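Listed below are the residues making up each chain.
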Amino acid sequence: MNRHHSLLRSKPLRATAAAAVLAAVLPMLAACNDHPPAAAAPGGNNSSSNGNGSASAPATPGTSASAALPAAVARGRIEVQGGLVELSPLQEGLVDSVAVQEGQHVKRGQVLLRLSPTASQAEVNVAQAELQLAEARTNARAQQLPALRRTAERLAEASAAGAAEPQRAEEAAQAVRSAESDVAIARAEADVARQRLALLRSQQGRLELHAPDDGIVVRVATQAGQRLPGSGGHAAITLLPHRPLQVRAEVNESYAAAVKVGMQATVTTDGDATPVTLPPARVVRMSPVLGAARLLDDAQRGPVRVVECILEFERAPADTRPGQTVRVAFHR
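These figures come from a predicted structure and were not determined experimentally. Throughout this document, residue positions are counted from 1 along each chain, in the order its sequence is written. At least 70 in pLDDT is required for a residue's local features to be given in this predicted model, at least 80 for side-chain atom pairs to be given and counted, and no such filter applies to totals for whole chains, interfaces and linings, which use all residues. Side-chain metrics rest on all non-hydrogen atoms present in the structure, leaving aside hydrogens and water.

## Side note on the overall build of the protein chain
Line of reasoning, step 1. The number of helices and strands found in the protein chain is four helices and 15 strands.
Line of reasoning, step 2. The cut-offs for exposure are 20% and 50% of the maximum accessible area for each residue type, with area from a 1.4 Å probe on protein chains only; residues under the lower value are buried, those over the upper are exposed, and the others partly exposed. For the protein chain, the residues scored as buried account for 28% of the 332 residues in total.
Line of reasoning, step 3. For the accessible areas, the method is Shrake-Rupley and the probe is 1.4 Å, while residue cover comes only from the protein chains on display. Total accessible area on the protein chain stands at roughly 21500 Å², and carbon and sulfur atoms take up 54% of it. Going along the chain from the N terminus, every DSSP run of H or I of four or more residues is numbered as a helix, and every run of E of two or more is numbered as a strand.

So this is what it looks like as C-alpha cells:
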C-alpha cells in the first residue's frame, strides 16, 4: 500500500520536470530557425540565370584584380618633342647686345642677340671699294673697244685694196684682241669682288642670332661685351619651343618585352604631395638598344639596364613642365 502511494506521487513530479525541460528547449529551437539564409555571392547564385537561360558560375575571387594589374610600370620624364634648342651665333664675335630675357616669349625669326659689327663692317667697306674699282676698270676698257674695232676694220679694208700695209692691219686687229681680253679679265675681277662683297654681307647677317621657332627663353648664358666662340662653343641662349609634350620612360629590361608600340598607359606625377593623373598616353616608339637607367629611386643601387620608350599624350596636359618626373603604368 505504501509502495503504491509512492509511485503515484512520483509520476506527477516526473511529468512536471519533463514539461519544464520542454519549455526551455522550444525557444532555443525557434531561435535556430530565425537565422536568415546566406546572401547570394556577387554575380548571382547557383539557381540564378545570366540572361541567356544558362546558369552563371560564381565569380572566382581575385579575377577582377588580376585583370586590372598593369603589364609593366616605369619611371619617366616629361619633355618637349625634339628637346630644348641650344643656340649660339654662327661665327665668333663680341656680343654687342642681348635682346631677350629669361622667361620671355619669342616669335620665329625674332632677334635674340647681336654681335659687334665693327670688324666685319670694315671688311665690307673694303670689298665694296674693290668692287667699284673693278667695275670702273671694266667700263674704261670696254669703252675703248668700239674705236679699236673701227680702226681695225678700216685698215683691213685698206690693206685688201692695197692702200695700207698688211702689217698695220694686223697690228690693229691684235690691239682689238688685247682690249677684248682685258675687258674679259676686268669683268672676271669685278665678279670676284662682287661675290666677296656678298659673302661678307651674308657673314654680317650672321652677326644676329634669330629664334628658329616660337617658344620661351629658358636661359641666357651671355651678356654684352662677352666674346663668343661661335657655333662650336657653349650655347648662348636656350629656347623651349612651342611643341607638344611627351614622356620618355625607362622600362626595366626584365619587362621590356611586355611593352609594345600602341599600348595605352596611365601617367601620374611623381614627387608631388598629391600625385596628379595626366591625360592618357600611348607608346609610339621603343628604343632598339639597352641603356643605363638615369631615373633611379635610390642612387645607391647598382647599374640598371633599361629600354627607353616614347609616349605621346592624347591631349595636351595642363600645368605640366618639361623635366618633371612621372610614373607610367602600361596596360594590356
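What follows picks up the thread again.
## Structural notes on the sheet that holds strand 6 (residues 208–210)
Line of reasoning, step 1. The sheet built from four strands is open, its strands ordered 6-5-3-8 with antiparallel pairing. Because the sheet does not close on itself, it has two edges, and the strands there are strand 6 and strand 8 (227–228). Pairing between two strands is assigned when DSSP locates at least 2 bridges connecting them.

## Here we look at the pattern of salt bridges
Line of reasoning, step 1. Salt bridge, as applied in this entry: a Lys or Arg side-chain nitrogen positioned within 4 Å of an Asp or Glu carboxyl oxygen. Under the counting rule described, the total for this entry stands at 16 salt bridges.
Line of reasoning, step 2. Between Glu180 and Arg149 there is a salt bridge, with the nearest N and O atoms lying 2.9 Å from each other. On the criterion of sequence distance, the pair formed by Glu180 in helix 4 (residues 166–205) and Arg149 in helix 3 (residues 118–161) is long-range, its members being 31 residues apart.
Line of reasoning, step 3. Of the charged contacts, one joins Arg327 and Asp270 as a salt bridge, the two residues approaching to 3.6 Å between their closest N and O atoms. Of the two residues, Arg327 sits in strand 15 (residues 325–330) while Asp270 sits in the loop between strand 11 (264–269) and strand 12 (281–286), which places them 57 residues apart along the sequence.
Line of reasoning, step 4. Each member of the salt-bridge network shares a partner with another, and the members are Glu79, Arg248, Glu250, Arg294 and Glu308.

## Things to note about the environment of Arg315
Line of reasoning, step 1. Residue placement: Arg315 occurs in the loop between strand 14 (305–313) and strand 15.
Line of reasoning, step 2. Between the alpha carbons of Arg315 and Pro280 there is a distance of 7.8 Å; along the sequence they are 35 residues apart.
Line of reasoning, step 3. Sequence-distant contacts of Arg315, that is, excluding residues within four places in its chain, are made with Pro279 and Pro280. Contacts are assigned to residue pairs with any non-hydrogen atoms lying within 4.5 Å of each other.

## What about the pairing of strand 10 (residues 245–252)?
Line of reasoning, step 1. Burial runs high along strand 10: six of the eight residues are buried.
Line of reasoning, step 2. Alignment of strand 1 (residues 72–80) against strand 10, held across six bridges, turns out to be antiparallel. Across the sheet, the residue bridging to Val80 is Leu245, located in strand 10.
Line of reasoning, step 3. Note that strand 10 and strand 14 share seven bridges and pair antiparallel. The residue of strand 14 that forms the bridge with Val247 is Leu311.

## A few points about the nonpolar core
Line of reasoning, step 1. Take the buried Ala, Val, Leu, Ile, Met, Phe, Trp, Tyr and Cys residues and link them wherever side-chain atoms come within 4.5 Å; each set so joined is a nonpolar core. Grouped together as the largest cluster of nonpolar side chains are 22 residues, with contacts concentrated most on Val247, Ala249, Val267, Leu311, Val328 and Phe330.
Line of reasoning, step 2. Listing elements by their share of this core, those giving two or more residues are strand 1, strand 10, strand 11, strand 12, strand 14 and strand 15.
Line of reasoning, step 3. Core analysis: the next-biggest nonpolar cluster, separate from the first, contains 17 residues, Leu87, Val106, Leu112 and Ile237 among them.

## Points about the sheet that holds strand 4 (residues 105–106)
Line of reasoning, step 1. If you trace the four strands from one edge of the open sheet to the other, you get 2-9-7-4, paired in antiparallel fashion. If you trace the sheet from one side to the other, it starts and ends with strand 2 (85–87) and strand 4, each paired once.
Line of reasoning, step 2. Note that strand 7 (residues 215–220) and strand 9 (residues 237–241) share five bridges and pair antiparallel. Along strand 9, the bridge assignment pairs Val217 with Leu239.

## A closer look at the pairing of strand 3 (residues 93–98)
Line of reasoning, step 1. Here strand 3 pairs with strand 8 via two bridges, running antiparallel. Residue pairing in the sheet places Gly93 in a bridge with Leu228 of strand 8.

## What to know about unusual backbone geometry
Line of reasoning, step 1. You will see that Asp319, though not glycine, has its phi angle at about 55°, which is positive.
Line of reasoning, step 2. The residue Asp319 is located in the loop between strand 14 and strand 15 in this model.
Line of reasoning, step 3. On the accessibility criterion, Asp319 (82% relative accessible area) is exposed.

## Details of the environment of Ala186
Line of reasoning, step 1. Tracing the backbone through its elements, the reader meets Ala186 in helix 4.
Line of reasoning, step 2. For the pair formed by Ala186 and Ala140, sequence separation is 46 residues and the distance between their alpha carbons is 9.6 Å.
Line of reasoning, step 3. In this structure, Ala186 is in contact with Ala134, Arg137, Thr138 and Arg141, ignoring residues within four places of it in sequence.

## Let's talk about the side chain of Thr138
Line of reasoning, step 1. Positionally, Thr138 belongs in helix 3.
Line of reasoning, step 2. Between N or O atoms, a polar contact is any pair within 3.5 Å; within protein, one atom must be a potential hydrogen donor and the other a potential acceptor, and residues adjacent in sequence are included only when both atoms are from side chains. Among the polar contacts listed, one links the side chain of Thr138 to the backbone nitrogen of Arg187, at a separation of 3.3 Å.
Line of reasoning, step 3. Residues in contact with Thr138, not counting those within four places in the same chain, are Val183, Ala186, Arg187 and Ala190.

## A closer look at helix 4
Line of reasoning, step 1. The first and last C-alpha atoms of helix 4 sit 59 Å apart over 40 residues, in line with the 58 Å expected at 1.5 Å per residue.
Line of reasoning, step 2. Where helix 4 is concerned, the buried positions are Ala169, Ala172, Val176, Ala179, Val183, Ala186, Ala190, Ala193, Leu197 and Leu200. For a helix, the expected span equals 1.5 Å multiplied by the number of residues minus one.

## Details of the confidence of the model for the protein chain
Line of reasoning, step 1. The pLDDT value tells you how sure the predictor is about a given residue, anywhere from 0 up to 100. Across the protein chain, pLDDT averages 80, with 77% of residues at or above 70.
Line of reasoning, step 2. Across the protein chain, the secondary-structure element scoring lowest on mean pLDDT is helix 1 (residues 2–32), at 41, and the one scoring highest is strand 4, at 97.
Line of reasoning, step 3. Segment residues 1–67: pLDDT under 50, and twelve contacts once partners within four positions in sequence are set aside and those in other chains are kept.

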